[in-house]
Amino acid sequence: MARNPHSNHIFGYEKQNVIDECIEKLSEIYNCLDEDILFTSSATEANNLAIFSGIKLARHENPLADTVLTSFLEHKSVLAPLKVITQQLGLNLVFLKLTQEGRIDVEDLNKKIEEYNVLWISACMTNGEIGTNQPIQQLAQICSENGIVIHVDASQAGYCDIDFDELSIDYLTISGHKIYGPTGIGLLISKHLQDNEFEPMIYGGGQQNGLRSGTLATPLIVGLTKAVEILQEVKESETQQLAELRSYLLRQLQAKFEVKVQGSLMNRHPGNLHVSIQGIDSLKLLNNLQPHIAFSLGSACNGLNRDYPSLMKEIGVDKDEFESSFRITVGRMTTKEEIDFAIQKISEFLKLEHSALRF
């Protein structure tokens, strides 16, 4: 029989104690209060809850503000709910400009704040496709100075320093499987969860102080917490290790092909490389290298969708270059031997395709 942490018997108490210990560890690592933490099924759910409930709460507190800002760096789980809620509430949804390096243009943000009565900003900490890190501390400071609520999707930002209190942001979302934790668990961290006007999206048994009903998945919570603890311990050394492996991968690619990197190499997830190779069709490359190499054309949520994305337009990547682009990443278990193998397989395919090689 499954042991429900919400049951009023010894087995339930034991599980609840385990969950409480996890909350204590997570609040210490992310520097937030225990009551700021809400477990969800995913970062997608956490983003939806932050946006649908958070924007309503923000509107209640600031009824004259009528504009929501975001950018094309955001994941679909941010862009889709933003589109829905702004239509429902009759708000403006305005997109911020991006720099050629794939970062939010802070100067444009300041202009938009002067031009519009801004209520809310949604900004990722690290983009999931081109991997660029965003100037969240600067954005949060601007929001604080202008009375704007800021929601930050940190799903891809495991290697960034995430100090909730120091960053002074309103809503933060975390994904378990992006940091070597289990699939099916995410976090919403917010100082607004205790506000009586904050509305849950899932009703039922009133778990998690009525903010998100449903029996808590104790094994997933333990797995997420352990993944966060491990990452906290190895973050500094692993960041350097991944950056070195990524540099090696890029050098090997550049030695053989005409390669262009999309996005800043300085402000970037240490394991992410998003490149275009002149003269190739990246979809054909992907299909022909299965099952030997796992890489993607962009975000996994886009699948094999080859529509010319707004993100690429915004950072100056034309359609032809986009169609020769792909995302290839290194991770905790990646070795140089695996990188060499990947380069060999790509070379073999491109030789057959009479691609523009340097040799």
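Everything in this summary refers to the structure shown in the same document. Computed from a predicted model, the values in this text were never measured in an experiment.

1. With respect to the pairing of strand β5 (residues 149-153)
Counting buried positions along β5 yields five of five residues, so the element is predominantly enclosed. Burial of β5 is two-sided: the residues V149, H151 and D153 facing one way and the residues I150 and V152 facing the other way are all buried. Note: strand β4 (residues 118-124) against β5, five bridges, orientation parallel. When the sheet's bridge partners are listed, W120 is paired in β5 with V149. Regarding the hand of the β-α-β motif, the stretch spanning β4, helix α5 (residues 136-146) and β5 is right-handed. Sheet topology places β5 next to strand β6 (residues 171-175); three bridges connect them, and they run parallel. Within the sheet, the bridge partner assigned to H151 lies in β6 and is Y171.

2. What to know about the packing of helix α4 (residues 106-115) against α5
It is the contact of α4 with α5, at a shortest axis distance of 11 Å, that shows an interaxial angle of 15°. The angle between the axes of α4 and α5 places the two elements in the roughly parallel class. When you trace α4 past α5, the crossing you get is right-handed. On α5, the residues touching V106, L109, N110 and I113 of α4 are Q138, L139, I142 and N146. The residue inventory of the contact of α4 with α5, partitioned by class, reads five nonpolar, three polar and no charged.

3. A short note on the nonpolar core
In this structure, F39, M125, L172 and L253 are the most contacted members of the largest nonpolar core, which totals 84 residues. Excluding residues within four positions of it along the chain, M125 makes contact with T132, N133, Q134, I136, V152, D153, A154, A157, C160, I162, L167 and L172. If you look at the next biggest cluster of nonpolar residues, it comprises 23 residues, including L49, F52, V78 and Y171.

4. Describing the environment of K336
Its place among the elements puts K336 in helix α11 (residues 336-352). Classification of K336 by relative accessible area gives partly exposed; the value is 43%. Remark: the alpha-carbon pair of K336 and R246, spanning 90 residues in sequence, is separated by 9.7 Å. If we ignore the near neighbours within four places in the chain, the residues touching K336 are L245 and Y248.

5. What about the sheet that holds strand β8 (residues 259-261)?
Pairing is antiparallel in the open sheet, where three strands are placed in the order β8-β9-β10. Each of the sheet's edge strands pairs with one partner strand only, and the pair in question is β8 and β10 (325-329). Sheet twist, expressed as the average angle between the axes of neighbouring strands with direction ignored, equals 35°. As paired strands, strand β9 (residues 272-277) and β10 are joined by five bridges and run antiparallel to one another. Among the inter-strand pairings, L273 is bridged to a residue of β10, identified as I328. Here helix α7 (residues 218-256) sits on the sheet and contacts β8, β9 and β10; the angle it forms with β9, its principal contact strand, is near 10°.

6. Quick word on the pattern of salt bridges
A full pass over the atoms with the stated rule returns ten salt bridges. Note that E45 and R212 form a salt bridge whose closest N and O atoms lie 2.8 Å from each other. With E45 in helix α2 (residues 43-61) and R212 in the loop between β7 (186-190) and α7, the pair connects residues that are 167 residues apart, well separated along the chain. For E45, a relative accessible area of 13% translates into the label buried. For R212, a relative accessible area of 13% translates into the label buried. The shortest N-O distance in the salt bridge between K319 and E323 comes to 2.7 Å. Among the residues examined, K319 registers a relative accessible area of 41% and is labelled partly exposed.

7. Looking at the side chain of S276
Among the structural elements, S276 can be located in strand β9. Sequence-distant contacts of S276, defined by excluding residues within four places in its chain, comprise E258, V259, K260, Q262, E321, S324 and S325.

8. Re α2
In this model, α2 (19 residues) spans 26 Å end to end at C-alpha, consistent with the 27 Å of a helix rising 1.5 Å per residue. Most pronounced at G54, the bend in α2 amounts to some 25°. Of all the 19 residues making up α2, 14 are buried; the element is thus mostly covered by neighbouring parts of the structure. Among the residues of α2, the N-terminal cap falls to S42, whose side-chain oxygen and the backbone nitrogen of T44 are separated by 3.4 Å.

Here is what the cut-offs are and how they apply
Residues numbered from 1 in each chain as written. Predicted model: local features only at pLDDT ≥ 70, side-chain atom pairs only at ≥ 80, totals over all residues. Heavy atoms only, no water. Buried < 20%, exposed > 50% of the residue type's maximum accessible area, 1.4 Å probe, protein only. Helix = DSSP H or I, 4+ residues; strand = E, 2+ residues; numbered from the N terminus. Pairing = 2+ DSSP bridges. Right-handed = clockwise from strand over helix to strand, strands pointing away. Axes fitted to C-alpha atoms, helices over the stretch in contact; angles between N-to-C directions. Parallel < 35°, antiparallel > 145°, perpendicular 65-115°, else oblique. Left-handed = near helix turned anticlockwise from the far one by under 90°. Contact = heavy atoms within 4.5 Å. Nonpolar A, V, L, I, M, F, W, Y, C, P; charged D, E, K, R; others polar. Core = buried A, V, L, I, M, F, W, Y, C linked by side-chain atoms within 4.5 Å. Salt bridge = Lys/Arg side-chain N within 4 Å of Asp/Glu carboxyl O. Expected span 1.5 Å × (residues − 1). Bend = angle between axes of the 7 residues up to and from the residue. Polar contact = N/O pair within 3.5 Å; in protein donor to acceptor, adjacent residues only side chain to side chain.

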